[in-house]
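Structural overview
Letter by letter, the chains look like this.
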Amino acid sequence: MDAQGRGRADDIDPADQWVLNPNTGEYELRLAPSAPQSSVPGPRRSASRAGAASRAGGKTAGGTTAGSATAAGAGGGAGAGGAVRNRTAAPARETRPAPGREVPSQRRRRGAPEEPPGRRGRRPVKKNKAKRALLWTGGITAFVVVAAAAGAYLYIEHLNDNIQSVSDDGASTGGFSKDKAINILLIGTDKRTGAGNEKYGDSGSAGHADTTILLHVSKDRSNATALSIPRDLIVDIPDCPTTQEDGSSKVIAGETGVRFNTSLGQEGRTPSCTVRTVTELTGIQADNFMVADFNAVKTLTSAVGGVEVCLAKDINDPDSKLDLPKGEHVIEGEQALAFVRTRHAVGTGGDLSRIGLQQQFLSALMRKLKSNDTLTSPSKMIKLAEAGTKALTVDSALDSIDKLKDLGLELGKLDTKNLTFTTVPVIDNPTEKVRATVVPNPTTAPQVFQAIQNDVSFTAVKEQKKKEAAAVAARLKGTKADPADVRVQVYNGGAPAGSAQETLTWLQTEEGVDKSENAGNAPETLSKTTLEYAPDQADQARSLAAIMGLSGSALKPGKSVTNSQGLPTMTLTLGKDFKGAGVSLTAPSKAPDVEKSTADKVECAK
């Protein structure tokens with residue numbers, strides 16, 4: 001035995017001598033191939049001598065050739081031969097018995113009890129236990145992994161079951177895209193569902209569009225604009241094809257000159273009617289919508305452990321039930337709902353003042369959602385997942401936790417300092433003697449809508465590339481040709497039918513551009529109006545751009561075409577953005593200067 005007591009020494013690894021016997025399931029000590037041993041071992045021979053004897057064909061004392069013994073060792077013993085054949089690094093050694101001696105079976109250690117047949121060379125018990133322990137641990141680990149995966153699946157299914165969704169009835173784009181700007185319509189209703197909410201007056205409300213925000217997230221996710229739409233804004237509500245709660249289809253007739261909040265709930269209107277109304281008002285089609293009632297404010301704020309707000313004065317509003325002293329406060333649940341409902345105690349006491357308060361609250365909620373103490377707290381994240389999926393009603397394109405997660409990841413890329421809150425610019429309704437409603441400011445409201453349509457940041461975080469901006473601006477600088485010298489063909493490339501002829505008539509009769517002609521429909525549809533011209537027609541291009549209100553980006557240096565007189569002519573293609581002859585097409589290069597705030601700043605309600 002060697003020093004480890006596990007087999008012969010020399011140049012053989014003792015561990016290699018333990019092999020599995022498939023008949024017993026036990027590991028047995030199997031020495032290298034050898035002849036039977038005598039009770040008194042003879043002198044050891046080296047492997048080289050044994051090999052020489054084999055090559056010489058010499059006989060052993062028992063009458064067996066060395067070659068035969070090697071062959072027997074190679075095939076004898078279940079499992080042992082295979083082990084030996086694979087162990088090329090440890091050549092077999094032959095042990096010869098003394099002449100004339102009886103060859104006994106393998107000896108056991110002195111003093112050791114005799115073992116039953118088939119148990120010779122049994123591996124230490126602790127090794128078997130170790131193996132069984134390993135198998136047991138592996139089985140437990142596998143079970144835990146499977147159980148965890150099943151648990152996660154069941155929890156996701158549970159969250160999916162929480163989500164309530166309704167049809168968008170074709171009013172939206174069909175869902176946001178990761179490679180485009182995102183427009184989400186957030187609708188807060190005055191529906192009094194949920195424990196304790198019936199006490200807030202009008203308990204039978206169908207749920208009108210009480211607080212509505214159009215959230216625009218830029219294509220590069222560097223900034224976002226949250227545009228509040230006053231509930232008392234006078235708008236036109238278009239006809240609304242709807243899917244009713246019982247599954248039936250119903251087209252609800254539109255109305256003109258009514259309050260915005262009646263776009264939901266009134267006459268059975270669904271959220272898709274509010275989406276259509278916002279598109280009619282702003283020209284922006286929402287990708288998705290979310291609807292939240294009173295209960296959502298309470299549960300979401302409690303899920304994150306409350307949000308921090310600031311008051312510049314004491315507020316005691318018996319209508320909203322808000323009673324807070326001046327200063328900073330952490331609010332949640334009922335108190336948070338009272339905060340967003342307060343209007344009589346802040347500003348001028350109207351809905352516009354309450355909008356400012358709600359924007360302050362949402363800024364605080366955004367900061368809390370993105371804070372480390374929320375994102376790193378598993379309990380808060382689980383509460384938030386539960387509250388969010390239960391509190392919100394979404395359109396059918398957001399009806400799973402996976403889709404909401406994808407949207408959340410896109411919104412999560414925003415920095416709160418680049419999230420701007422603003423409100424549709426309004427003026428008092430001029431038709432009313434008693435001020436109760438408002439109408440869009442005819443000057444600034446279209447500028448705000450156009451800025452959002454063109455993905456223009458209200459926080460100026462996206463600086464235009466200087467060289468590109470300078471090159472575009474330079475197209476409008478320089479001499480301008482006389483209108484009578486401007487030659488142009490007018491195509492309709494996506495504008496309303498008849499726009500090319502309308503523009504041609506206007507240019508000839510009112511602007512003196514006599515050398516113009518109607519070229520019919522363009523070969524392709526364009527989203528924006530363009531004017532292509534050759535380098536030597538730049539002065540004509542600048543003149544026509546000034547007449548039509550074209551931006552530098554609408555001017556496309558290129559080549560001229562030949563008109564009906566065989567003269568070189570510019571090509572004007574009216575795109576989908578064309579709004580009529582004489583209406584300027586210059587898009588704003590920066591957002592208009594309107595009242596706004598950003599989500600990263602704490603502002604105190606006044």
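All values reported here derive from a predicted model rather than from experimental measurement.

1. Quick notes on the overall build of the protein chain
A count of helical and extended segments in the protein chain gives 15 helices and 27 strands. Here the protein chain holds 606 residues, and the buried ones make up 42% of them. Taking as baseline every contact in the protein chain between residues at least 6 positions apart, the subset at least 24 positions apart corresponds to 72%. Counting every atom, the protein chain has about 32000 Å² of accessible surface; 53% of that belongs to carbon and sulfur.

2. Section: the packing of helix 6 (residues 294-303) against helix 7 (residues 333-341)
Across the interface, helix 6 lies against helix 7 with an axial gap of 8 Å and an inter-helix angle of 125 degrees. Put simply, helix 6 runs oblique to helix 7. For the pair helix 6 and helix 7, the sense of crossing is right-handed. Across the interface between the two elements, Phe294, Val297, Lys298, Thr301 and Ser302 of helix 6 pack against Gly333, Glu334, Ala336, Leu337, Val340 and Arg341 of helix 7. Looking at side-chain class alone, the contact of helix 6 with helix 7 contains five nonpolar, three polar and three charged residues.

3. Comments concerning the packing of aromatic side chains
Applying the stated criterion across every chain yields a total of one aromatic pair. Geometrically, the ring pair formed by Phe339 and Phe361 is tilted, given 6.4 Å between the ring centres and 40 degrees between the ring planes. Placement of Phe339 in helix 7 and of Phe361 in helix 8 (residues 351-369) is noted, with a sequence separation of 22 residues between them. Residue Phe361 is classed as buried on the basis of its relative accessible area, which comes to 4%.

4. Topic: the nonpolar core
Membership of the largest hydrophobic core comes to 31 residues, with the highest contact counts inside it found for Leu185, Leu227, Ile229, Leu233, Phe260, Val424 and Phe449. Taken together, the elements giving at least two residues each to this core come down to strand 4 (182-189), strand 5 (209-217), strand 6 (224-229), strand 7 (234-237), helix 5 (271-282), strand 11 (288-292) and helix 12 (444-453). With five residues, the top contributor of residues to this core is helix 12. If near-sequence neighbours (up to four positions away) are discounted, Leu185 is found in contact with Thr212, Ile213, Leu214, Thr274, Val275, Val278, Ala286, Asn288, Phe289 and Met290. By size, the runner-up hydrophobic cluster in this structure holds 25 residues, among which are Leu311, Leu322, Ala336 and Ala345.

5. Let's talk about the environment of Leu398
Residue position: Leu398 is located in the loop between strand 16 (392-395) and helix 11 (401-411). The class for Leu398 is buried, based on a relative accessible area of 0%. Ignoring anything within four residues of it in the chain, the contact list for Leu398 reads Ile163, Phe176, Asn288, Phe289, Met290, Lys403, Leu404 and Leu407.

6. Structural notes on the pairing of strand 5
Counted residue by residue, strand 5 has eight buried out of nine residues, so it is predominantly covered. Pairing of strand 4 with strand 5, which is carried by eight bridges, proceeds in the antiparallel orientation. By the bridge assignment for strand 5, Ile187 is matched with Thr212. Between strand 5 and strand 6, which follow one another and run antiparallel, lie six residues, and Arg221 among them has a positive phi close to 60 degrees.

7. Examining the pattern of salt bridges
Using the criterion set out here, one finds 12 salt bridges in the structure. One salt bridge connects Asp232 with Arg259, and the closest N-O pair in it is separated by 3.0 Å. Here Asp232, found in the loop between strand 6 and strand 7, pairs with Arg259, found in strand 10 (residues 255-259); they are 27 residues apart in sequence, far enough to count as distant. Asp406 is the salt-bridge partner of Lys405, the closest N and O atoms lying 3.8 Å from each other.

8. As for the side chain of Asn288
Take Asn288: it is sitting in strand 11. Under the relative-accessibility criterion, Asn288 is labelled buried at 1%. Leaving out residues up to four positions away in the same chain, Asn288 has contacts with Gly175, Phe176, Asn183, Ile184, Leu185, Asp395, Ala397 and Leu398.

9. Describing the confidence of the model for the protein chain
On average, residues of the protein chain carry a pLDDT of 76, and 67% of them reach 70 or more. Counted against residues more than four places away or in other chains, residues 32-113, with its pLDDT under 50, gives 79 contacts. Contacts for the low-pLDDT stretch residues 115-122, under 50 throughout, to residues beyond four places or in other chains number 15 contacts.

10. Here we look at empty space enclosed by the protein
Per the counting criterion, the structure on display carries one cavity of 30 Å³ or more. Within this model, the largest cavity holds a volume of roughly 50 Å³. Only strand 5, strand 6 and helix 8 provide two or more residues apiece to the lining of the largest cavity. Partitioning the lining of the largest cavity into residue classes produces three nonpolar, four polar and three charged.

11. Focus: helix 5
In a regular helix each residue adds 1.5 Å, so 12 residues correspond to 16 Å; helix 5 covers 17 Å between its end C-alpha atoms and thus fits that length. Of all the 12 residues making up helix 5, 10 are buried; the element is thus mostly covered by neighbouring parts of the structure. Taken together, the buried positions of helix 5 are occupied by Pro271, Ser272, Cys273, Thr274, Val275, Arg276, Thr277, Val278, Leu281 and Thr282. Among the residues trailing helix 5, Gly283 stands out with phi positive, at a value near 80 degrees.

Reading guide: rules and limits
- Residues numbered from 1 in each chain as written.
- Predicted model: local features only at pLDDT ≥ 70, side-chain atom pairs only at ≥ 80, totals over all residues.
- Heavy atoms only, no water.
- Helix = DSSP H or I, 4+ residues; strand = E, 2+ residues; numbered from the N terminus.
- Buried < 20%, exposed > 50% of the residue type's maximum accessible area, 1.4 Å probe, protein only.
- Contact = heavy atoms within 4.5 Å.
- Areas by Shrake-Rupley, 256 points an atom, 1.4 Å probe, with all protein chains shown as cover.
- Axes fitted to C-alpha atoms, helices over the stretch in contact; angles between N-to-C directions.
- Parallel < 35°, antiparallel > 145°, perpendicular 65-115°, else oblique.
- Left-handed = near helix turned anticlockwise from the far one by under 90°.
- Nonpolar A, V, L, I, M, F, W, Y, C, P; charged D, E, K, R; others polar.
- Phe/Tyr/Trp six-rings, centres within 6.5 Å; stacked < 30°, edge-to-face > 60°.
- Core = buried A, V, L, I, M, F, W, Y, C linked by side-chain atoms within 4.5 Å.
- Pairing = 2+ DSSP bridges.
- Salt bridge = Lys/Arg side-chain N within 4 Å of Asp/Glu carboxyl O.
- pLDDT = per-residue confidence, 0-100.
- 1 Å grid on protein atoms, 1.4 Å probe; cavity = no way out; pocket = protein on both sides within 12 Å on 5 of 7 lines; lining within 4 Å.
- Points joined across faces, edges and corners; volume = space filled by probe spheres on them.
- Expected span 1.5 Å × (residues − 1).

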